[in-house]
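# Coordinate analysis (summary)
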Amino acid sequence: MALCLGQVFIKDKTFRPKKRFEPGTQRFELYKKAQASLKSGLDLRKVVQLPEGESMNDWIAVHVVDFFNRINLIYGTVSEYCSERTCPIMSGGLKYEYRWQDGDDYKKPTKLPALKYMNLLMDWIESLINNEEIFPTRVGVPFPKNFQQVCKKILSRLFRVFVHVYIHHFDSICNMGAEAHINTCYKHYYYFISEFNLIDHSELEPLKEMTEKICN
């Protein structure tokens, strides 16, 4: 899938610099294993399963960073169509609206244009995955006790990107010939969060019909 995404999407429009794993680390080896499985054509339901003998937190960390990179690439490609004029509210159709809150600059849920919301979201995720206290990269340094809770929050907010792109920018995706590639990325994401129960299924309601169509 990575090769197809790279061929279809415009790499210089990636929303943020790609987060990479350091060669020689256990997480880099896990990343290579996950990528090899993806490219092998195996059932995605099996690809997301925890490899025998591996740490669940390491496996989750690898996937959170990978999904961040992939979803970055997807949104970066449609971002030129996502302006304050076209998308004055971060939403998923008329029924779902997402407000930004980070406890710092935005202490209360705040209505924002989708592009502004995306900028804040990607900044927020990037700051977390680059924080050694949350995503440790040194051998022997343990993950914090709240690591999986942090990852659940990241994955939940990344889902909102899928919602906005599918509902508001799917025509642009189809015009690029990228529908199958985004569907594959979403299926990978969906099977992963389902395998490890990382998102409350009520939060997936905005894409329920589409999920049933492509993931079942």
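What counts and how
- Residues numbered from 1 in each chain as written.
- Predicted model: local features only at pLDDT ≥ 70, side-chain atom pairs only at ≥ 80, totals over all residues.
- Heavy atoms only, no water.
- Helix = DSSP H or I, 4+ residues; strand = E, 2+ residues; numbered from the N terminus.
- Expected span 1.5 Å × (residues − 1).
- Salt bridge = Lys/Arg side-chain N within 4 Å of Asp/Glu carboxyl O.
- Buried < 20%, exposed > 50% of the residue type's maximum accessible area, 1.4 Å probe, protein only.

Going by what an unreviewed UniProt entry lists, the protein is known as MOB kinase activator 3C and is assigned to Cynoglossus semilaevis.

### As for helix H8 (residues 179-195)
For H8, spanning 17 residues, the distance from its first C-alpha to its last is 24 Å, which sits close to the expected 24 Å at 1.5 Å a residue. Just past H8, the residue Asn197 takes up positive phi, approximately 50°.

### Observations regarding the pattern of salt bridges
Under the criterion given, the structure shown has 3 salt bridges. Between Asp66 and Arg70 there is a salt bridge whose closest N-O contact spans 2.9 Å. Highlighted residues: Asp66 and Arg70, both in helix H4 (residues 56-78), separated by 4 residues, approximately one helical turn. Judged by its relative accessible area of 6%, Arg70 falls in the buried class. Ionic pairing is found between Arg138 and Glu132, a salt bridge with its closest N-O pair at 3.3 Å.

### Focus on unusual backbone geometry
Leave glycine aside and you will find that most residues have negative phi; peptide bonds, for their part, are mostly trans. You will see that Asn197, though not glycine, has its phi angle at about 50°, which is positive. For Asn197, the location among the structural elements is in the loop between H8 and helix H9 (208-215). Judged by relative accessible area, Asn197 falls into the exposed class, the value being 53%.

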